[in-house]
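Here is what each chain is made of, one letter per residue.
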Amino acid sequence: MANIKSAKKRVLVNRTKADRNKAIKSGVKTAMKKVDAAVAANDKEAANVALVAAISTIDKAATKGVYHKNNAARKVSRLTKAVNGIA
């Protein structure tokens, strides 16, 4: 453990930010799984509802800096392509 006051604070701040980032990433993964489950069940209506929620979650994560904007765009693109592929 650090001895200097500012180093102790950095440890605490980093832990707090890591927990926040982990929660946001977990939310994104959950939203993506909901879309994938709806696509696997061939439920177009549920997939569209889940897709809108997932896009919102992913965009918020990118805005907060948890994901790079290109990473977020790639995730949205893949989910949209999967939903549009439902017959």
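It should be emphasised that the depicted structure is a prediction, and the values quoted were computed from it without experimental measurement. (Residues numbered from 1 in each chain as written. Predicted model: local features only at pLDDT ≥ 70, side-chain atom pairs only at ≥ 80, totals over all residues. Heavy atoms only, no water.)

The interhelical angle for the contact between helix H2 (residues 44-63) and helix H3 (residues 69-84), taken along N-to-C directions, is 175°, at an axis separation of 10 Å. By the angle class used here, H2 and H3 are roughly antiparallel. From H2, Lys-44, Ala-47, Asn-48, Leu-51, Ala-54, Ile-55, Ile-58, Asp-59 and Ala-62 reach across to H3, where they touch Ala-72, Lys-75, Val-76, Leu-79, Thr-80, Val-83 and Asn-84. Here the contact of H2 with H3 is built from residues that sort into 10 nonpolar, three polar and three charged. (Axes fitted to C-alpha atoms, helices over the stretch in contact; angles between N-to-C directions. Helix = DSSP H or I, 4+ residues; strand = E, 2+ residues; numbered from the N terminus. Parallel < 35°, antiparallel > 145°, perpendicular 65-115°, else oblique. Contact = heavy atoms within 4.5 Å. Nonpolar A, V, L, I, M, F, W, Y, C, P; charged D, E, K, R; others polar.)

What follows concerns unusual backbone geometry. Positive phi outside glycine occurs at Asn-42, with the angle close to 55°. With relative accessibility at 58%, the residue Asn-42 sits in the exposed group. (Buried < 20%, exposed > 50% of the residue type's maximum accessible area, 1.4 Å probe, protein only.)

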